[in-house]
Amino acid sequence: MQNVWSKVDQYLIDALIPQDAVLEAVLENNQRAGLPAIDVAANQGQLLALLVRISGATRILEIGTLGGYSTIWMARELPASGRLITLEADEHHAHVARQNLRLAGVEGRVEVIEGPALASLSALGEIAPFDIIFIDADKPNNPNYLQWALHYSHPGTLIIGDNVVREGKVTDPDCDDERVQGVREFISLMGNNPRLTVTALQTVGVKGWDGFTLARVNA
Ligand code: SAM
């Protein structure tokens with residue numbers, strides 16, 4: 001099935017997403033620097049960009065930068081006065097991301113904060129609340145990231161969680177993969193929180209079988 005999923009994804013990307021030399025160069029930089037190719041796909045990046053545009057977000061928090069590919073998709077939609085904070089634990093990833101952000105010309109709107117996200121999050125009180133929070137780092141910490149996301153939200157904030165289907169393993173309550181258990185608790189916490197209107201969609205494509213959650217913080 002992966003062949004068909006990739007073929008359809010490539011068809012959709014070719015048909016719908018304008019070719020972008022900068023974003024292609026970013027992915028090449030990531031590969032050259034030895035980063036894993038676990039960034040969002042181009043059509044997912046465009047979805048993030050659309051969410052920023054539709055919501056009129058001006059303050060964005062991203063947890064999990066890698067090489068800044070998803071960061072650039074979102075940052076490009078920000079007004080000049082907008083701000084995106086992205087948290088990355090790995091020094092090398094953060095270094096490559098900063099280079100890529102400069103290449104994309106969005107370094108003035110984006111701050112990469114290096115270090116474990118849980119340590120960085122407590123210092124963001126002055127910048128919060130955020131309009132969009134994209135959670136895409138270590139999945140065992142997703143429940144903790146959700147608590148911070150709620151803390152730093154306002155009515156209308158969108159909280160997006162990536163990689164929540166994990167090739168279907170998310171349905172297994174006995175799965176011994178702590179990433180799966182982190183995602184299961186994340187989903188359960190969101191489903192039981194009356195402050196959130198939330199859905200999740202499973203996706204197939206160039207990145208395999210996975211999915212994302214999309215939640216809106218209620219008044
Ligand atoms: N959002 C990126 C994109 O689509 O281009 C992909 C992010 S990648 C899936 C996850 C990133 O989270 C990796 O770069 C990893 O080093 C980082 N990460 C893992 N654990 C972390 C932690 N505790 N705090 C901050 N970042 C972490």
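Residues numbered from 1 in each chain as written. Predicted model: local features only at pLDDT ≥ 70, side-chain atom pairs only at ≥ 80, totals over all residues. Heavy atoms only, no water.

- As named in an unreviewed UniProt entry, the protein chain is O-methyltransferase family 3, taken from Enterobacter lignolyticus.

### So, the site of the ligand
Then, number 1: As a matter of local geometry, the ligand sits amid 22 residues, with Ser70, Glu88, His93, Ala117 and Asp136 nearest to it.
Then, number 2: In the complex, 88% of the free accessible area of the ligand, which totals 600 Å², lies under the protein chains.
Then, number 3: The set of elements that each furnish at least two residues to the shell around the ligand consists of α4 (69–75) and β2 (83–88).
Then, number 4: Residues belonging to the shell around the ligand are distributed by class as follows: 11 nonpolar, five polar and six charged. (Near = heavy atom within 4 Å. Areas by Shrake-Rupley, 256 points an atom, 1.4 Å probe, with all protein chains shown as cover. Helix = DSSP H or I, 4+ residues; strand = E, 2+ residues; numbered from the N terminus. Nonpolar A, V, L, I, M, F, W, Y, C, P; charged D, E, K, R; others polar.)

### A short note on helix α2 (residues 21–32)
Then, number 1: Here α2 spans 16 Å end to end across 12 residues, near enough to the 16 Å set by a 1.5 Å rise per residue.
Then, number 2: Regarding α2, the residues found buried are Leu23, Val26, Asn29 and Asn30. In a view along the axis of α2, the buried residues occupy a sector of 115 degrees, so they form one face of it. Residues of α2 that are exposed and point over 90 degrees away from its buried face: Ala21, Gln31 and Arg32.
Then, number 3: Contacts made by the buried residues of α2 are with α4 and α5 (91–104).
Then, number 4: Among the residues of α2, the N-terminal cap falls to Asp20, whose side-chain oxygen and the backbone nitrogen of Val22 are separated by 3.1 Å. (Expected span 1.5 Å × (residues − 1). Buried < 20%, exposed > 50% of the residue type's maximum accessible area, 1.4 Å probe, protein only. Arc of directions from axis to C-beta. Contact = heavy atoms within 4.5 Å. Polar contact = N/O pair within 3.5 Å; in protein donor to acceptor, adjacent residues only side chain to side chain.)

### Considering the nonpolar core
Then, number 1: Counting 29 residues, the largest nonpolar core has Ile60 and Ile132 as its most contacted members.
Then, number 2: Elements with a contribution of two residues or more to this core: α2, α3 (42–55), α4, α5, β3 (110–114), β4 (132–135) and β5 (158–162).
Then, number 3: The residues contacting Ile60, other than those within four sequence positions of it, are Val52, Met74, Leu78, Arg83, Leu84, Ile85, Phe130 and Ile132. (Core = buried A, V, L, I, M, F, W, Y, C linked by side-chain atoms within 4.5 Å.)

### A short note on the environment of Val96
Then, number 1: Structurally, Val96 can be placed in helix α5.
Then, number 2: Along the sequence, Val96 and Leu66 sit 30 residues apart, while their C-alpha atoms lie 8.1 Å from each other.
Then, number 3: Setting aside residues up to four positions removed in sequence, Val96 forms contacts with Asn30, Ala33, Leu35 and Gly67.

### Examining the pattern of salt bridges
Then, number 1: Applying the stated criterion across every chain yields a total of nine salt bridges.
Then, number 2: Note that Asp131 is salt-bridged to Arg59, the shortest N-O span being 3.4 Å. Placement of the pair is Asp131 in the loop between α6 (117–121) and β4 and Arg59 in strand β1 (residues 59–63), with a sequence separation of 72 residues.
Then, number 3: One salt bridge connects Glu167 with Lys169, and the closest N-O pair in it is separated by 3.3 Å. (Salt bridge = Lys/Arg side-chain N within 4 Å of Asp/Glu carboxyl O.)

### Thoughts on the sheet that holds β1
Then, number 1: One open sheet accounts for seven strands, arranged β3-β2-β1-β4-β5-β7-β6; its pairing is mixed. With partners counted over all chains shown, the strands left at the sheet margins are β3 and β6 (196–205), one partner each. With direction set aside, neighbouring strand axes in the sheet form an average angle of 15 degrees.
Then, number 2: Inspection of the sheet shows β5 paired to strand β7 (residues 208–217) by five bridges, in the antiparallel sense. Across the sheet, the residue bridging to Leu158 is Arg216, located in β7. (Pairing = 2+ DSSP bridges. Axes fitted to C-alpha atoms, helices over the stretch in contact; angles between N-to-C directions.)

### Notes on the environment of Asn144
Then, number 1: With respect to the secondary-structure elements, Asn144 resides in helix α7 (residues 142–151).
Then, number 2: Asn144 gets classed as partly exposed once you look at its relative accessible area, which sits at 33%.
Then, number 3: Sequence separation between Asn144 and Gly182 is 38 residues, and the spatial gap between their C-alpha atoms is 9.3 Å.

### Some details on the pairing of β3
Then, number 1: Note: β2 against β3, five bridges, orientation parallel. Paired with Glu88 across the bridge in β3 is Glu114.
Then, number 2: Handedness of the β2-α5-β3 crossover: right-handed. (Right-handed = clockwise from strand over helix to strand, strands pointing away.)

### So, the packing of α7 against helix α8 (residues 178–191)
Then, number 1: Running from N to C, α7 and α8 point in directions that differ by 35 degrees, and their axes come no closer than 8 Å. Seen from α7, the contacting residues are Asn142, Pro143, Leu146 and Gln147; seen from α8, they are Gly182, Val183, Glu185, Phe186, Leu189 and Met190.
Then, number 2: Broken down by class, the residue content of the contact of α7 with α8 amounts to six nonpolar, three polar and one charged.

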